[in-house]
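# Architecture and fold: a report
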Amino acid sequence: MSEHVDPASNESPALRLHRQLSAIWATGPGLQRLAAVNHSVIGVRMMVTSFAFFAIAGVLGMLTRVQLATPNSDFMTPEIYNQVFTVHGTMMLFLFAIPMVESFAVYLTPKILGTRDFAFPRLTAYGYWCYLFGGSIVTLSLLFGVAPDGGWFMYTPLSSNVYSPGINADVWLLGITFVEISALSLAVEIVVSILKMRAPGMSLDRMPIFAWYILVTAMMMIVAFPPLILASILLEAERAFGLPFFDPTRGGNPLLWQHLFWLFGHPDVYIIFLPMAAVLSTIIPVFARRELVGYRAIVVAIIALAFLSFGIWVHHMFTVGIPHLALAFFSAGSVIVAVPTAVQVFAWLATLAHGKPRWDVPMLYIFGFFFVFVMGGLTGVMLAVVPFDWQAHDTYFVVAHMHYVVGGALAFPMLAGLYYWLPLLTGRAAVGRLSVVAFWIIFIGFNLTFFLMHLTGLLGMPRRIYTYHGFEGWNGLNLLSSLGGFVMTIGFAVLVIDLFVQVRYGRRAQRNPWGATTLEWAMRLPPPSYAFASIPHLGEGGGPADADELRLSLARGEGYLGSTRNGWQEALGVHATSGEPEQLIVLPQPTYLPLVTGVATAAAVLGFLFKAYWLSLGWAIVVIALLVLAAQRSGHARDLGPLPIGKGLSVPPHTEVEGSPPWIALVCTLVIDGTLFTSLLFGTLYVWTGLRGTPPAMPAPDMVRVAILAIALIVAAAIARRSLRALVGGAMPMGSVAMTILALLVAIFAGMGLIARIVPAPTEHALGATASALVGFVIFHAIAGLVFLISNLLRMRGGYVSQRRTLDLRLTRGWLDYTAVTGLIALGLFIALPGLVGVLELHP
């Protein structure tokens, strides 16, 4: 039952509602904090953790600058140097840059959307623990002298067993893949939440520009990360089990790694940049004191930028022997990508030019961004020109360009955003002008460090070298770069002191200190755990005209969900495009499950790292069991029907509607998996078409087993559809679900039989390895289908499935349909491969 605010109470309605909501949403003290799933808590934890990794990576970077400050230096041994610069780059990119932009998204997005939390708080928490544990594995490996040492992009064959024995490369492959789980889980979380959990009335075309940037970025992550995950899995399979995907002596192709890596690596630059552009597009209008110029043009530009970024990965591979026509295509694409970027830059400049800018600390960092980013963009256009790239490739010019683009475009907007939202985070205002001093030291140190690297690169200094002789003409430039690094480090130290002083001694910040119009300022400072006491309804304009009046109105419970009910953590689900309210979402309360699942996942990774494969398999089964257990606690054990949400409206719970967050999450998951599958098809064809000479004989596959596998997949999908129809008709189809399990078991055993009969053997030649990868993909998805079905049976027995609550069976049907379609495609290519071998025999 709803607990309405009693107007006769001596306590004000706003205060009473606050107490009720705090009791429901707050995370407990002490060790109970480990059970936190609230987006504010997780967002702050991610910020602190990523900043800690940034500090460690910064120290490692300084060690490399000490080594290179003078010629013939023996400050570090070559072996230690390789580990230090590899972990520096890995940590900066995978453990700082990506998680830091995600932490901004996790903390701010629900507040800017006018909702109380993300759609899957336990998934957010699990993502954080995966990030922390995966990053810790990479960091601790340094202490034991087994850190990765093959460069932060781990090119093959250098990272293969032959040239990188030991577990150094495995630490990178397993640790980073572990972290990628975090990135993908958060990306799904963000996409679903933005599409389904905006404040009512906030249609897509009136969504704050910040949310548009974050939505596009999360969608890019969903498509960009699977190629790297696939590459890591294939390379780890080669190192652990001898499957030669990248070994040229056994038919593999080392360039496949570069293609898969840069299919991730190039979009990743924009994945890092776009959230920081979101920060700029949010802050600049506030300080210019006028609306953002070109809202719709910017939205079109960021969508165009997302598409273009995926089509130009080859511009990192101009020197590997790409055909000239392809070079021209990718060179032109690399130059064109500057157009949508320029649209945003000119929109920001126009906003400032037509406004009345005021200078404060965030504006200083925005100025720093303009200078550094334009420099990085210009050198990027230079490197997009093939003849220049051939001259500058793998020199310190590329190092300088990368730091100007990634470091500059990330660091300066990030610090602008940090100072802008610090009053929201802490409820405190700035003290003194130490922040201005910190900015100028960082700005000078940054340019002194990296601008000079352009010159050393043009003078021919290769990247990744351990030392140099001293007669090349690089001595003075390297020494100044190293001094600049120390200056920049001092600047960051001053910045940390300034933040500490502000948090510890700052005065109470006034509400909405910058006069902004976005929703995150329409709440108390710092925000309570429930964010909004009631959910706003937005009219024309998309944001509050008077943030203070809106804050008071929401605090009094005058929006949606302005009362509590059954101790539930409630949020609203809306139509994806119009923003009209359509469902009530009940969110899970704090639980240790994400932490326990993260620990089990870490145990599985460590088992694999130390070659304890059976132990690793055992922990993987534990992880699956915990995920099934988590699913058993979701939803309601009875039909509820429409429930009142305020303003005279009633909507059903999300478990009783079709367009619920779990369904959209499944669609996102299938996109991720589809991208990985497409990458596998690309890799298979790339390896096979790259074969030279006479390939080994490959007889036709066992067509009987292929037919059994294909038929079993089709039957499983058909029975799953029939099960759903039976449920909608009022029956409880437990028998049909059991038959689907039987069909999938037949498919799994048929697939295992196929792999056992592949010729040449998967460990002998890449032909066999790629064929086994295709069948292995099918088997893996059939096993995942089994997990879906087991969960269905348990939830049907628990009363969580009914004629009205069909979500579980609809998710299973979607997964098995996808498994059948991709399985048939994979088997089709598997059958066609022997025929391709005959074609390849024509190669010289």
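Right, let's walk through the structure included here. (Residues numbered from 1 in each chain as written. Predicted model: local features only at pLDDT ≥ 70, side-chain atom pairs only at ≥ 80, totals over all residues. Heavy atoms only, no water.)

On to the overall build of the protein. The number of helices and strands found in the protein is 23 helices and six strands. Compactness check: the protein gives a C-alpha radius of gyration of 28 Å against a globular reference of 28 Å for 844 residues, within 12% of the reference. Projected onto its principal axes, the C-alpha coordinates of the protein cover approximately 90 × 75 × 45 Å. Excluding contacts between residues fewer than 6 apart, the proportion of contacts in the protein whose partners are at least 24 apart in sequence is 82%. Carbon and sulfur atoms make up 70% of the accessible area of the protein, which amounts to about 31800 Å² in all. Counting 46 positive and 40 negative side-chain charges, the protein places the centres of these two groups 8 Å from one another. (Helix = DSSP H or I, 4+ residues; strand = E, 2+ residues; numbered from the N terminus. Rg over C-alpha atoms; globule rule 2.2 N^0.38 Å. Contact = heavy atoms within 4.5 Å. Areas by Shrake-Rupley, 256 points an atom, 1.4 Å probe, with all protein chains shown as cover. Lys, Arg positive; Asp, Glu negative; His and termini not counted. Charge placed at Lys NZ, Arg CZ, Asp CG, Glu CD.)

Quick look at the packing of aromatic side chains now. Taken as a whole and assessed by the stated rule, the structure comprises 60 aromatic pairs. Measuring from ring centre to ring centre gives 4.5 Å for Phe54 and Phe96, while their planes differ by 35 degrees; the resulting arrangement is tilted. Placement of Phe54 in helix H2 (residues 39-68) and of Phe96 in helix H3 (residues 78-113) is noted, with a sequence separation of 42 residues between them. Like Phe96, Phe54 is buried. Across from the ring centre of Tyr560, 5.7 Å away, lies the NZ or CZ of Lys647, which sits over that ring. We note Arg810 situated over the ring of Trp663; from NZ or CZ to the ring centre the distance is 5.9 Å. (Phe/Tyr/Trp six-rings, centres within 6.5 Å; stacked < 30°, edge-to-face > 60°. Buried < 20%, exposed > 50% of the residue type's maximum accessible area, 1.4 Å probe, protein only. Lys NZ or Arg CZ within 6 Å of the ring centre and 35° of its normal.)

Turning to the pairing of strand E5 (residues 643-646), a few remarks are in order. Where E5 meets strand E6 (residues 649-651), three bridges bridge the pair, whose relative direction is antiparallel. Note on E6: the bridge partner recorded for Leu643 is Val651. The loop that links E5 with its antiparallel partner E6 comprises two residues; one of these, Lys647, has a positive phi angle of about 55 degrees. (Pairing = 2+ DSSP bridges.)

Direction vectors running N to C along helix H13 (residues 396-426) and helix H15 (residues 475-505) enclose 20 degrees, while the axes themselves pass 11 Å from each other. With respect to H15, the element H13 is oriented roughly parallel. Where H13 crosses over H15, the two elements pack in a sense that is right-handed. Within the contact between the two elements, H13 uses Leu415, Leu418, Tyr419, Leu422 and Thr426 and H15 uses Phe492, Leu495, Asp498, Leu499, Gln502 and Val503. When its residues are assigned to classes, the contact of H13 with H15 shows eight nonpolar, two polar and one charged. (Axes fitted to C-alpha atoms, helices over the stretch in contact; angles between N-to-C directions. Parallel < 35°, antiparallel > 145°, perpendicular 65-115°, else oblique. Left-handed = near helix turned anticlockwise from the far one by under 90°. Nonpolar A, V, L, I, M, F, W, Y, C, P; charged D, E, K, R; others polar.)

Taken together, Val704, Ile708, Leu742, Leu745, Val746, Phe749 and Met752 make up a surface patch of nonpolar side chains, about 660 Å² in accessible area. Listed by contribution, the elements that provide at least two residues to the nonpolar patch are helix H20 (703-728) and helix H21 (734-756). Counting residues per element, the nonpolar patch draws most heavily on H21, at five residues. (Patch = residues over 30% accessible without salt bridge, like charges linked within 9 Å, V, L, I, M, F, W, Y side chains within 5 Å. Salt bridge = Lys/Arg side-chain N within 4 Å of Asp/Glu carboxyl O.)

This part is about H2. Counted at 1.5 Å a residue, the expected span for H2 with its 30 residues is 44 Å, and the 42 Å between its end C-alpha atoms agrees. Between a side-chain oxygen at the N-terminus of H2 and the backbone nitrogen of Ser40 the separation is 2.9 Å; the capping residue is Asn38. (Expected span 1.5 Å × (residues − 1). Polar contact = N/O pair within 3.5 Å; in protein donor to acceptor, adjacent residues only side chain to side chain.)

Applying the stated rule across the entire model yields 13 salt bridges. Asp247 is the partner of Arg250 in a salt bridge, and the nearest nitrogen-oxygen pair spans 3.0 Å. Look at Arg250 and you get partly exposed, because its relative accessible area is 25%. Judged by relative accessible area, Asp247 falls into the buried class, the value being 15%. Across the salt bridge formed by Arg463 and Asp394, the nearest N and O atoms sit 3.6 Å from each other.

With respect to the helices, strands and loops of the structure, Ala571 is situated in strand E3 (residues 569-574). A relative accessible area of 0% places Ala571 in the buried class. Placed 26 residues apart in sequence, Ala571 and Thr597 show a C-alpha to C-alpha distance of 25 Å. Setting aside residues no more than four positions away along its own chain, Ala571 makes contact with Thr115, Met197, Leu561, Gln583, Leu584, Ile585 and Leu587.

Attention shifts here to the pairing of strand E4 (residues 581-587). Most of E4 is tucked away: six of the seven residues are buried. By the bridge criterion, six bridges tie E3 to E4 in an arrangement that is antiparallel. Across the sheet, residue Ala571 finds its bridge partner in E4, namely Ile585. The antiparallel hairpin formed by E3 and E4 contains six residues in its connecting segment, where Gly579 sits at a positive phi of about 80 degrees.

Here we take up the side chain of His454. In this structure, His454 sits in helix H14 (residues 434-458). Residue class for His454 comes out buried when judged on its relative accessible area of 5%. Once residues within four sequence positions are removed from consideration, His454 is found in contact with Met375, Thr379, Phe397, Ala400, His401 and Tyr404.

With 32 residues, helix H22 (residues 766-797) should cover 46 Å at 1.5 Å per step; its first-to-last C-alpha distance of 47 Å lies within 8% of that length. Most of H22 is tucked away, with 23 of its 32 residues classed as buried. Where H22 ends, the next residue or the one after it, Gly799, has phi of about 85 degrees, a positive value.

Inspection of the secondary structure puts Leu519 in the loop between H15 and helix H16 (547-555). For the pair Leu519 and Trp262, spaced 257 residues apart in sequence, the C-alpha to C-alpha distance is 38 Å.

Cis geometry is adopted by the peptide bond preceding Pro526, which originates at Leu525 and carries an omega value of -15 degrees. Tracing the sequence through the fold places Pro526 in the loop between H15 and H16. Looking along the chain, the bond that leaves Val759 and enters Pro760 is cis, with omega of 0 degrees. Examined against the element boundaries, Pro760 turns out to sit in the loop between H21 and H22. One non-glycine residue, Met154, lies in positive phi territory at about 50 degrees. The phi dihedral of Arg289 falls on the positive side, at around 60 degrees, and the residue is not glycine. For Arg289, the position within the fold is in the loop between helix H7 (255-288) and helix H8 (295-310).

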